[in-house]
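Each chain, written out:
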Amino acid sequence: MDIRKLVSKIAVDKENMKLGKIIRIDMLPGKTIKKNIPYVMIVVQKRFQKKLVVPIDAKKVIKIEGIYVWFNITKAEFNEVIKRIKKIKIEREMYTGSIAGKDSSNRIWIGYDPSGLSYKRKERKR
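The rules behind these values
Here, residues in each chain are numbered from 1, in the same order as that chain's written sequence. Only residues with pLDDT of at least 70 get local features here, since the model is predicted, and only at 80 or more are side-chain atom pairs given and counted; chain-wide, interface and lining totals rely on the full set of residues. The basis for every side-chain value is the complete set of non-hydrogen atoms in the structure, without hydrogens or water. The distinction between a cavity and a pocket rests on a 1 Å grid over the protein atoms alone: a 1.4 Å probe fits inside a cavity but cannot get out, while a pocket stays open yet meets protein on both sides within 12 Å along at least five of seven lines, and a residue with an atom within 4 Å of a point counts as lining. Grid points are joined across faces, edges and corners, and a volume is the space filled by probe spheres set on the points. The helix count covers DSSP runs of H or I at least four residues long, the strand count covers runs of E at least two residues long, and both are numbered beginning at the N terminus. Gly falls in the polar group here, along with every residue not listed as nonpolar (Ala, Val, Leu, Ile, Met, Phe, Trp, Tyr, Cys, Pro) or charged (Asp, Glu, Lys, Arg). The criterion for strand pairing is that DSSP finds at least two bridges linking the strands in question. Lines fitted to C-alpha atoms define the axes here, with helix axes fitted over just the stretch in contact, and angles between the N-to-C directions of these axes take values from 0 to 180 degrees. Residues grouped as a nonpolar core are buried Ala, Val, Leu, Ile, Met, Phe, Trp, Tyr and Cys residues, joined through side-chain atoms within 4.5 Å. For each residue, the accessible area found with a 1.4 Å probe, counting protein chains only, is set against the maximum for its type, and the residue is called buried under 20%, exposed over 50%, and partly exposed in between. Positive: Lys, Arg. Negative: Asp, Glu. His and the chain ends are not part of the count. Between Lys or Arg on one side and Asp or Glu on the other, a salt bridge is scored when a side-chain nitrogen of the former is within 4 Å of a carboxyl oxygen of the latter. Contacts are assigned to residue pairs that have any heavy atoms within 4.5 Å of one another.

1. Side note on the layout of surface pockets
Then comes step 1: There is about 470 Å³ of room inside the largest pocket.
Then comes step 2: Along its surface, the largest pocket is lined by 18 residues, and Pro29, Gly30, Lys31, Tyr39 and Asp57 are the ones closest to its centre.
Then comes step 3: Counting only elements with at least two residues in the lining of the largest pocket, the list comes to strand S2 (18-29), strand S3 (36-44), strand S4 (52-57) and helix H1 (75-93).
Then comes step 4: Residue composition of the lining of the largest pocket, grouped by class: 10 nonpolar, two polar and six charged.

So, in structure tokens, the structure goes:
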């Protein structure tokens, strides 16, 4: 099976529930084996929420028919993966507590705020 043909198709679980659109194939390290294996990157877009890219192992493909690709996964399992990805994303975006700035004589100072109560930088929108 040529996995390059999966790009721009719609991912469906084994119970015919739509998961999302496949945008690319990435080589990521496996869960137990440290070799790079192909993962299908699925975009999940829900109303009033940001887009989220979810990786699913390309070995879970059951069949390809037309514009649909069936995976050997249920909607509940897929939602658990989405929750895990959201949690990781929130942890990466959190404020670390390091502070950097300049004083009136243009000297750079660096500090650390373990309480996290100081000014927080906002994420830049792209």
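Structure shown, so let's carry the discussion forward.
2. Describing the sheet that holds S2
Think of a sheet as strands paired side by side through backbone hydrogen bonds, with each pair either parallel or antiparallel.
Then comes step 1: The strand order across the open sheet built from six strands is S4-S3-S2-S1-S6-S5, with neighbouring strands paired in mixed fashion. Each edge of the open sheet is held by one strand with a lone partner, namely S4 and strand S5 (61-65). Sheet twist, expressed as the average angle between the axes of neighbouring strands with direction ignored, equals 40°.
Then comes step 2: Strand direction decides the pairing type here: S5 and strand S6 (residues 68-71), joined by four bridges, are antiparallel. By the bridge assignment, Lys63 is partnered in S6 with Trp70.

3. Quick notes on the nonpolar core
Within soluble globular proteins, side chains that are nonpolar generally end up buried alongside one another.
Then comes step 1: Ranked by size, the top nonpolar core spans 19 residues in total, and within it Ile22, Val40, Ile42, Val54, Ile56, Phe71 and Phe78 carry the most contacts.
Then comes step 2: At the level of elements, S2, S3, S4, S6 and H1 are the ones that each hand at least two residues to this core.
Then comes step 3: Sorting elements by how many residues they give to this core places H1 first, with four residues.

4. Quick notes on the side chain of Asp57
Then comes step 1: With respect to the helices and strands, Asp57 occurs in strand S4.
Then comes step 2: In this structure, Asp57 is buried with no salt-bridge partner, the nearest side chain bearing the opposite charge being Lys59 at 5.2 Å.
Then comes step 3: When near neighbours in sequence (up to four residues on either side) are disregarded, Asp57 contacts Ile37, Pro38, Tyr39 and Phe71.

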